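Fold and geometry: a report
Here's the letter readout for the chains.
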Amino acid sequence: GENVEQHPSTLSVQEGDSAVIKCTYSDSASNYFPWYKQELGKRPQLIIDIRSNVGEKKDQRIAVTLNKTAKHFSLHITETQPEDSAVYFCAAPYGNNRLAFGKGNQVVVIP
Amino acid sequence: NAGVTQTPKFQVLKTGQSMTLQCAQDMNHEYMSWYRQDPGMGLRLIHYSVGAGITDQGEVPNGYNVSRSTTEDFPLRLLSAAPSQTSVYFCASSYSSGGYEQFFGPGTRLTVL
């Protein structure tokens, strides 16, 4: 199956600074790479995704970059705010319609 | 649209009891799935379905059963609950497969004593 790993497991940043989370995957056939945000006690929600035919995608303060050769993709959050504090999950599809998630990154934005 | 709904929100079972977690979606999505979330383990796929009448196993299927008789509903059955099944369970749906945005339900927190 797909092996999805996220680093670092916990990231603390000062408000206003940037945060970067890296995700590696193992299945070279994967072609879709989403990032989900989960606030405490809430359900995961998609914040940004990228397909393998592009290298970068931006949406306001968040961006995702993809390196298919190295099999990793990263989430970039600029000008962090307290509401960015959450657990972030990356995922990658594999096999027949399955989706594998990483174990999550806890991001703490310090005011 | 209600999106993806799950019932119950909380449940306490004794070891050996069986129960069904309900999941429904009103977005006409073909793909539905069940995940369990344990501390430090992320989201692990239990079972999934690509359409009515079609189901398949995920990463951690043992002890769980599913069926998909309609597009809207995808119940998860615990056959004989064990303490190791204490977890938060999320149902999700998407347009077509794991390669599209997953819409998650609010989750069911299950405790097995």
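Residues numbered from 1 in each chain as written. Chains lettered and ligands numbered in written order. Predicted model: local features only at pLDDT ≥ 70, side-chain atom pairs only at ≥ 80, totals over all residues. Heavy atoms only, no water.

1. Structural notes on the overall build of chain A
Regarding its fold elements, chain A presents zero helices and 11 strands. Compactness check: chain A gives a C-alpha radius of gyration of 13 Å against a globular reference of 13 Å for 111 residues, within 12% of the reference. With respect to the principal axes defined by its C-alpha atoms, chain A has extents near 45 × 30 × 20 Å. Looking at chain A residue by residue over its 111 residues, the buried ones come to 45%. By sequence separation, contacts in chain A at least 24 residues apart represent 52% of the contacts at least 6 residues apart. Counting only carbon and sulfur atoms, one obtains 45% of the accessible surface of chain A, whose full area is about 5500 Å². (Helix = DSSP H or I, 4+ residues; strand = E, 2+ residues; numbered from the N terminus. Rg over C-alpha atoms; globule rule 2.2 N^0.38 Å. Buried < 20%, exposed > 50% of the residue type's maximum accessible area, 1.4 Å probe, protein only. Contact = heavy atoms within 4.5 Å. Areas by Shrake-Rupley, 256 points an atom, 1.4 Å probe, with all protein chains shown as cover.)

2. Side note on the pairing of strand 11 (residues 105–110) of chain A
Residues and elements named next belong to chain A. Covered by surrounding structure in strand 11 are N105, V107 and V109 only, the residues Q106, V108 and I110 on the alternate face being uncovered. Across five bridges, strand 2 (residues 10–14) lies against strand 11 in parallel orientation. Bridge pairing in strand 11 places T10 opposite Q106. (Pairing = 2+ DSSP bridges.)

3. Quick notes on the state of the cysteines
Enumeration according to the criterion identifies two disulfides over all chains in this entry. In this model A:C23 forms its disulfide with A:C90; the gap between the sulfur atoms is 2.0 Å. On the S-S bond that ties A:C23 to A:C90, the torsion sits near 75°, and the link is right-handed. One end of the pair, A:C23, is in strand 3 (residues 19–24); the other, A:C90, is in strand 9 (residues 86–94), with 67 residues separating them in the sequence. One disulfide in the model links B:C23 with B:C91; its S-S distance is 1.8 Å. Its S-S torsion of about -70° marks the bond between B:C23 and B:C91 as left-handed, since a negative value means left-handed. Taken as a pair, B:C23 in strand 3 (residues 19–25) and B:C91 in strand 9 (residues 87–94) lie far apart in primary sequence, 68 residues in all. With a relative accessible area of 2%, B:C23 lands in the buried category. (Disulfide = S-S within 2.5 Å.)

4. Topic: the sheet that holds strand 3 of chain B
One key point about sheets: their strands pair by backbone hydrogen bonds, in either a parallel or an antiparallel sense. Residue and element names in this part refer to chain B. Ordered by their spatial adjacency, four strands build an open sheet running 1-3-8-7, and the pairing between neighbours is antiparallel. Whereas interior strands pair on both sides, the edge strands pair on one side only; in this sheet they are strand 1 (4–7) and strand 7 (64–66). Neighbouring strand axes in the sheet, compared pairwise and without regard to direction, differ in orientation by 20° on average. Where strand 7 lies against strand 8 (residues 76–78), three bridges are found, and the strand directions are antiparallel. Looking at the pairing, Y64 lines up with L78 of strand 8. (Axes fitted to C-alpha atoms, helices over the stretch in contact; angles between N-to-C directions.)

5. Re the side chain of B:R68
All names here are of chain B. On the secondary structure map, R68 appears in the loop between strand 7 and strand 8. The side chain of R68 is buried and forms no salt bridge, while E30, the nearest opposite charge, is found at 5.3 Å. At 2.8 Å, the side chain of R68 forms a polar contact with the backbone oxygen of E30. Of the polar contacts made by the side chain of R68, one reaches the backbone oxygen of T70; its length is 3.2 Å. If near-sequence neighbours (up to four positions away) are discounted, R68 is found in contact with Q25, H29, E30, M32, S49, V50, G51, A52, G53, T55, D73 and F74. (Lys, Arg positive; Asp, Glu negative; His and termini not counted. Salt bridge = Lys/Arg side-chain N within 4 Å of Asp/Glu carboxyl O. Polar contact = N/O pair within 3.5 Å; in protein donor to acceptor, adjacent residues only side chain to side chain.)

Any functional reading would require information beyond the geometric quantities listed.
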